[in-house]
Amino acid sequence: MQEFIKIHSKDNVAVALCPLPAGRKLTVDSQELVLAEDIPQGHKFALSDIAEGGRVIKYGSPIGFAKEPTKAGSWIHTHNLRTGLGDVLTYSYDRQFSPVEPSAPVLFQGYRRADGKVGVRNNIWIIPTVGCVNNIATAIERQAQVYLTEHIDEISAFPHPYGCSQMGDDQEHTRQILADLIRHPNAGGVLVLGLGCENSNIDELKKYIGDYDPQRVRFLVCQESEDEIADALDIIGELAEYVGAFRREPLPCSELVIGMKCGGSDGLSGITANPVVGAFSDLLISKGGTTILTEVPEMFGAETQLMNRCETEELFRKTVDLINDFKEYFKSHNQTIYENPSPGNKKGGISTLEDKSLGCTQKSGSAPVRGVLSYGEPICGKGLHLLSAPGNDLVASTALAASGAHMVLFTTGRGTPFACPVPTMKISTNSALYKRKSNWIDFNCGTMVEGTPLKELAEQLFDKVIRTASGEKLKSEEAGFHDFAIFKQGVTL
């Protein structure tokens, strides 16, 4: 087994792929190096002496500056490394990318909806317009399970605390996300459940939904019903009859939209799972498919790599706005732009936001950026897209679903049980996590440091995605998990 990796030829640090003891002699670039201290798995050690204030290079780019003189073989982490990130920046466009070469198409078994859209699940969703009816929605979900058949995958409610006492963009975003979910093709049928007196009431929400099929989307105002649960169950029964008539059919994978997200990252995230997802993204795009990358704060420090892959200067400018608008959002709340890595990230070996971001953006692969989406904006093109959303796992994954992702690939070095409204595939960065949390993790990229080539893992992941799109359930689906979180951005009245 490989003990360490120097990711890029320009790097002056390497990453331990397994725990390495002090005194271990290593050969790096034909030079012998002795470790000055124990190096945990996923953590960095210096390959040469680094002066105080000197740049620490990983992935071929700076991840910060040394706080003190650091000898070769020393552990590099938060105790002796500081971020180099600062304020809102000015950028220039330096177009650098190669188009992804087309490859043979692959079919999956999906659902073709009446409006021509494609889904990978045949669900019935119960969507509250306001948090006041959350308990009603969950009660309906619980009692509606009697309508499940072999042709209906799931009946789920998506409670949330919003829909009233909101103003401005905050209210607009809530309405947009709810409308996005109502239109999502993974739902064969939808019950929109309103209270009646809320700001985002059903009549208001219909303006955001637009044209809809009354067989597929039904509405119930609780204040206008004598027995809202009984009436809702009658509606669910009618929806079940409609939804149950759909059947899977062969569809080209060019119809697939896959969201990409990471959380609970560790020092191996940018070495194993994220590059594998990036290679998967390139493979799907080569077959005419679409991927979406989000969590903008975890692009800080790696943003120029994405900007220079923009297909046009207009997309470059949109990406600049994507980054700087999020920095202004941080500043408007008097928060530090670069204070991002969580305690779990740091324990796993990530030291600065640049370190995290350069690993995070590996999920984008090498394809050119062909679209930039605002929060809640539905996707309408093919290829790689960037989406405005925060790093929070539940909020960002919900945003991916709202923009049209059929499923989300979620890489993790720490593990997490959550799932967003669409199938959420957990991909481990290390084999220990895969073995320890087999009830959470769907796919293991830890074998990459044990000898499995990246290309082979990407092809295995592609096959897993096709099987999942064709109906194979993920661990979180088997557990009955489905979470929903809207990005709260304004005051509450």
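Look up: the structure comes first, before these words.
Residues numbered from 1 in each chain as written. Predicted model: local features only at pLDDT ≥ 70, side-chain atom pairs only at ≥ 80, totals over all residues. Heavy atoms only, no water.

## Points about the overall build of the protein
Phase 1 of the analysis: For the protein, the count of helices and strands is 13 helices and 23 strands.
Phase 2 of the analysis: Against the compact-globule benchmark of 23 Å for 493 residues, the protein has a radius of gyration of 24 Å, which places it among compact chains.
Phase 3 of the analysis: Viewed in the frame of its principal axes, the protein has a C-alpha envelope of about 80 × 45 × 40 Å.
Phase 4 of the analysis: Counting the 493 residues in the protein, one finds 57% classified as buried.
Phase 5 of the analysis: Across the protein, every contact between residues at least 6 apart in sequence was considered, and the portion connecting residues at least 24 apart equals 71%.
Phase 6 of the analysis: Averaging the positions of the 48 positive and the 61 negative side-chain charges in the protein gives two centres separated by 5 Å. (Helix = DSSP H or I, 4+ residues; strand = E, 2+ residues; numbered from the N terminus. Rg over C-alpha atoms; globule rule 2.2 N^0.38 Å. Buried < 20%, exposed > 50% of the residue type's maximum accessible area, 1.4 Å probe, protein only. Contact = heavy atoms within 4.5 Å. Lys, Arg positive; Asp, Glu negative; His and termini not counted. Charge placed at Lys NZ, Arg CZ, Asp CG, Glu CD.)

## As for the packing of helix α2 (residues 168-183) against helix α3 (residues 202-209)
Phase 1 of the analysis: Where α2 meets α3, the axes come as close as 9 Å, and the angle between the chain directions of the two elements is 70°. When the interaxial angle is binned, α2 and α3 end up roughly perpendicular. Judged by the twist between their axes, the crossing of α2 over α3 is right-handed. Note on element contacts: α3 touches α2 through Glu204, Leu205, Tyr208 and Ile209, opposite Glu172, Arg175, Gln176, Leu178, Ala179, Ile182 and Arg183. (Axes fitted to C-alpha atoms, helices over the stretch in contact; angles between N-to-C directions. Parallel < 35°, antiparallel > 145°, perpendicular 65-115°, else oblique. Left-handed = near helix turned anticlockwise from the far one by under 90°.)

## Examining the pairing of strand β3 (residues 25-28)
Phase 1 of the analysis: Judged by which residues are buried, β3 turns out to be one-sided: Leu26 and Val28 face inward and are buried, whereas Lys25 and Thr27, on the alternate face, are not.
Phase 2 of the analysis: As judged from the four bridges shared by β3 and strand β4 (residues 31-34), these two strands associate in the antiparallel manner. Bridging from a neighbouring strand, Val28 pairs with Gln31 of β4.
Phase 3 of the analysis: The hairpin formed by β3 and β4 contains two residues between the paired strands, and Asp29 there has a positive phi angle of roughly 50°. (Pairing = 2+ DSSP bridges.)

## Overview of the sheet that holds strand β8 (residues 75-76)
The strands making up a sheet associate through hydrogen bonds between their backbones, and the pairing can be parallel or antiparallel.
Phase 1 of the analysis: Spatially, the four strands line up as an open sheet ordered β1-β2-β5-β8, and their pairing is antiparallel. Across the chains shown, the open sheet's two edge strands, defined by having one partner strand only, are β1 (4-5) and β8.
Phase 2 of the analysis: Sheet topology note: the β1/strand β2 (residues 13-16) ladder contains two bridges and is antiparallel. Pairing of Ile5 across the sheet is with Val15, part of β2.

## Points about the environment of Lys25
Phase 1 of the analysis: Among the structural elements, Lys25 can be located in strand β3.
Phase 2 of the analysis: Owing to a relative accessible area of 57%, Lys25 belongs among the exposed residues under this scheme.
Phase 3 of the analysis: Between the alpha carbons of Lys25 and Leu107 there is a distance of 50 Å; along the sequence they are 82 residues apart.
Phase 4 of the analysis: Setting aside residues up to four positions removed in sequence, Lys25 forms contacts with Glu32, Leu33 and Val34.

## Some remarks on the packing of helix α5 (residues 273-286) against helix α12 (residues 454-469)
Phase 1 of the analysis: Where α5 contacts α12, the two axes come as close as 8 Å, and the packing angle between them is 65°. Every pair of crossing elements has a handedness; the one defined by α5 and α12 is right-handed. Along its contact with α5, which presents Pro275, Val276, Val277, Ala279, Phe280, Leu283 and Leu284, the element α12 presents Leu454, Leu457, Ala458, Glu459, Leu461, Phe462 and Val465.
Phase 2 of the analysis: For the contact of α5 with α12, the per-class residue count stands at 13 nonpolar, no polar and one charged. (Nonpolar A, V, L, I, M, F, W, Y, C, P; charged D, E, K, R; others polar.)

## Regarding the nonpolar core
Phase 1 of the analysis: Counting residues in each nonpolar core, the largest one holds 90 residues, and the members touching the most others are Leu409, Ile427 and Leu461.
Phase 2 of the analysis: Element by element, the count of residues in this core is highest for helix α7 (residues 313-332), at seven residues.
Phase 3 of the analysis: Setting aside anything within four residues of it in sequence, one finds Leu409 in contact with Ile258, Gly259, Met260, Lys261, Val277, Phe280, Met425, Ile427, Leu461 and Val465.
Phase 4 of the analysis: Residues Ala144, Ile152, Ile155 and Leu193 belong to the second largest nonpolar core, which totals 28 residues. (Core = buried A, V, L, I, M, F, W, Y, C linked by side-chain atoms within 4.5 Å.)

## Digging into unusual backbone geometry
Phase 1 of the analysis: Look at Ser165: it is not a glycine, yet its phi comes out positive at around 60°.
Phase 2 of the analysis: Tracing the chain through its elements places Ser165 in the loop between β13 (154-157) and α2.
Phase 3 of the analysis: Phi is positive for Asn334, close to 55°, though the residue is something other than glycine.
Phase 4 of the analysis: Its place among the elements puts Asn334 in the loop between α7 and α8 (343-347).

## With respect to the side chain of Lys327
Phase 1 of the analysis: Summarising the element assignment, Lys327 is placed in helix α7.
Phase 2 of the analysis: Residues in contact with Lys327, not counting those within four places in the same chain, are Asp87, Val88, Leu89, Tyr91, Phe300, Glu303 and Ile337.

## A few points about the pattern of salt bridges
Phase 1 of the analysis: What the rule picks out here adds up to 22 salt bridges.
Phase 2 of the analysis: The salt bridge partner of Glu477 is Arg121, with a shortest N-O separation of 2.8 Å. With Glu477 in helix α13 (residues 475-479) and Arg121 in the loop between β11 (118-119) and β12 (123-128), the pair connects residues that are 356 residues apart, well separated along the chain.
Phase 3 of the analysis: Each of Glu172, Arg175, Glu204 and Lys207 takes part in a single network of salt bridges with overlapping partners. (Salt bridge = Lys/Arg side-chain N within 4 Å of Asp/Glu carboxyl O.)

## Describing the environment of Leu461
Phase 1 of the analysis: Residue placement: Leu461 occurs in helix α12.
Phase 2 of the analysis: Residue classification places Leu461 among the buried residues on the basis of a relative accessible area of 0%.
Phase 3 of the analysis: Sequence separation between Leu461 and Thr429 is 32 residues, and the spatial gap between their C-alpha atoms is 13 Å.
Phase 4 of the analysis: Those residues within four positions of Leu461 in sequence are excluded, and the remaining contacts are Val276, Val277, Phe280, Leu409, Met425, Ile427 and Phe443.

## Details of the side chain of Ser156
Phase 1 of the analysis: For Ser156, the location among the structural elements is in strand β13.
Phase 2 of the analysis: Classification of Ser156 as buried rests on a relative accessible area of 0%.
Phase 3 of the analysis: Of the polar contacts made by the side chain of Ser156, one reaches the side chain of Glu154; its length is 2.5 Å.
Phase 4 of the analysis: If we ignore the near neighbours within four places in the chain, the residues touching Ser156 are Ile124, Trp125, Ile126, Glu141 and His482. (Polar contact = N/O pair within 3.5 Å; in protein donor to acceptor, adjacent residues only side chain to side chain.)

## Some points on α12
Phase 1 of the analysis: Taking 1.5 Å of rise per residue, 16 residues should cover 22 Å, and α12 covers 22 Å from first to last C-alpha, within 8% of that figure.
Phase 2 of the analysis: Of the residues making up α12, those classed as buried are Leu457, Ala458, Leu461, Phe462, Lys464, Val465, Ile466, Thr468 and Ala469.
Phase 3 of the analysis: Two residues or fewer past α12, Gly471 is found with a positive phi of approximately 125°. (Expected span 1.5 Å × (residues − 1).)

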